[in-house]
Amino acid sequence: MPGPLTVRTVAIDPPEDLLATMPEAGISWVRRGEGLVAWGEVARLDSRGASRIDEADAWWRRVSRHAVVRDDVHRPGTGLIAFGAFSFADASDAGGALVIPRYVVGVRGDEAWLTVISEDGLTAMPAFADVAARTATVPALPRVEIATGDRDAWSRAVSAAVERIGAGELDKVVLARAVQARAEAPVDVRSLLATLATEYPSCWTFHVDGLVGATPELLARVDHGLVTSRVLAGTIRPTGDETADLAHAAALARSSKDREEHEYAVRSVTSVLESHCGSVNVPEEPSVLHLPNVMHLATDVTGVLSHNASALELIRELHPSAAVCGTPTLTAARVIDALEGLDRGRYAGPVGWINAAGDGEWCIGLRSAEISPADPTRLRLFAGCGIVAASEVGAEWAESEAKLEPMRRALGAQA
Ligand SMILES: C=C(O[C@H]1C=CC=C(C(=O)O)[C@@H]1O)C(=O)O
């Protein structure tokens, strides 16, 4: 555990481009041009196994209790903050990490701030201009070779899952696949983030400890006792033709296969939130979220916490939701182990940030890639699909290809 941390947040003039303020490949949590970027590392906790999120929660409570914080701005994301990413599976070697950065720049509406965190006192607050990037000096993206993936292996896994569902072993399982990418030189994550944020502005463009992506799925936002989750499951591809896509969206909203897939995911989130909230609001009908590569059935669930649960406490229970695992959860996790042949690493795990009060914003690490910690020229891109009784192998392959598109394009692949 670090010694008592000193933290200072001051207001700054809003930067034109939040991501461009990062002077080195750092942390990103950006949506619609707002959010947080951070760099440097004051302290971190690495944890593994089934208690990885609990350990992070306990560590964070101790660190934040002892911190000395002067915060002139008082907005979500100001003051002391840590960013984290956790593995999907308990048994994964990837484990989890909670990172306390040295510098954080935040933008929300027309407000902006700089936070500096120090382990040995802060005698003088540095000027924003002295710590942030002055000019964009991001190295160009090297040439990247991206594999196509093993369609036969995937088809076998999906067929086996449909059979198991048909036999009554489980209702839904989310199967994922990974494709390898190899760059000619180390990839600077800032070039990927810039593309993702431009092409997927309504997603959370994130980079935390080697996991990078643009995810549309909010696992839990906790803000002064209010908890919000955006559940996504059930997917089709847009055609690019606006009129045709409106008709497709309507068909998605009526599709019994997609509605079933979606309903399992909503139930898995709602049942956890109900145990922490006096009341939970769940819209009766899902809406359709339009993204450039896919359209999803979406349900925004909200609740008022009946006790002071931290964001980490909530995500420990919410993960893995049936948007990434299945129903029933434990059976689905076993079927994933049996059929997928993959260590998902931190893909499909919780990724986000927490502040000293326990508030924070955590998404599911989807539409993402893991940069190899041992070799920054190697990446693994991931995509998964919810499988239910009516799933078809070919359609699920096409869906997984569509879900790989954001990272493929960020790595320079042509559409
Ligand atoms: C597992 C993924 O997506 C989930 C989120 C939205 C829609 C999904 C689906 O329709 O299968 C998945 O449950 C992924 O992108 O890798």
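Analysis parameters
Residues numbered from 1 in each chain as written. Predicted model: local features only at pLDDT ≥ 70, side-chain atom pairs only at ≥ 80, totals over all residues. UniProt positions renumbered as here; feature names shortened; annotations may be inferred. Helix = DSSP H or I, 4+ residues; strand = E, 2+ residues; numbered from the N terminus. Expected span 1.5 Å × (residues − 1). Buried ≥ 20, exposed ≤ 12 C-beta atoms within 10 Å, placed from the backbone. Near = placed C-beta within 6 Å. Nonpolar A, V, L, I, M, F, W, Y, C, P; charged D, E, K, R; others polar. Axes fitted to C-alpha atoms, helices over the stretch in contact; angles between N-to-C directions. Parallel < 35°, antiparallel > 145°, perpendicular 65-115°, else oblique. Contact = placed C-beta atoms within 7 Å. Arc of directions from axis to C-beta.

## Topic: the UniProt feature "domain: Chorismate-utilising enzyme C-terminal" (unreviewed entry) in the chain
In the numbering adopted here, UniProt assigns the feature "domain: Chorismate-utilising enzyme C-terminal" (unreviewed entry) to residues 151–403. A distance of 15 Å separates the end C-alpha atoms of residues 151–403, which is 36% helix and 34% strand.

## Let's talk about helix α5 (residues 242–254)
Compared with the 18 Å implied by 1.5 Å per residue over 13 residues, the 19 Å span of α5 between its first and last C-alpha is a close match. Little of α5 is tucked away: 1 of the 13 residues are buried.

## Some thoughts on the site of the ligand
Near the ligand you find 18 residues, and of these Leu232, Thr235, Leu366, Gly384 and Gly386 are the closest. For the shell around the ligand, the secondary-structure elements that each account for two or more residues are β11 (172–183), β15 (226–236) and β23 (378–387). Taken together, the residues that form the shell around the ligand break down as 10 nonpolar, 5 polar and 3 charged.

## Here we look at the packing of helix α1 (residues 52–66) against helix α7 (residues 311–318)
Helix-helix packing is characterised by the crossing angle of the two axes and by the distance between the axes. Orientation of α1 relative to α7, taken along the N-to-C sense of each, is 175 degrees, at an axis distance of 9 Å. Relative to α7, α1 is oriented roughly antiparallel. Seen from α1, the contacting residues are Ile53, Asp54, Ala56, Asp57 and Trp60; seen from α7, they are Leu312, Glu313, Ile315 and Arg316. Split by residue class, the contact of α1 with α7 holds 5 nonpolar, no polar and 4 charged.

## Some thoughts on unusual backbone geometry
A cis amide bond links histidine 319 with the next residue in sequence, proline 320, at an omega value of -5 degrees. Among the secondary structure elements, proline 320 is positioned in the loop between α7 and β19 (326–327). At histidine 74, a position not held by glycine, the phi torsion is positive, near 50 degrees. Here histidine 74 shows up in the loop between β5 (68–71) and β6 (81–86). In this structure histidine 74 comes out as exposed when scored by C-beta crowding, with 9 C-beta atoms within 10 Å.

## Examining helix α3 (residues 151–166)
Look at α3: 22 Å from first C-alpha to last across 16 residues, which is about the 22 Å you get at 1.5 Å a residue. All buried positions along α3 are accounted for by Trp154, Ala157, Val158, Ala161 and Ile165. Along the long axis of α3, the arc covered by the buried residues comes to 95 degrees, so they all point the same way. In α3, those exposed residues whose orientation departs by more than 90 degrees from the buried face are Asp152, Glu163 and Gly166. A positive phi of about 85 degrees marks glycine 168, the residue just after α3.

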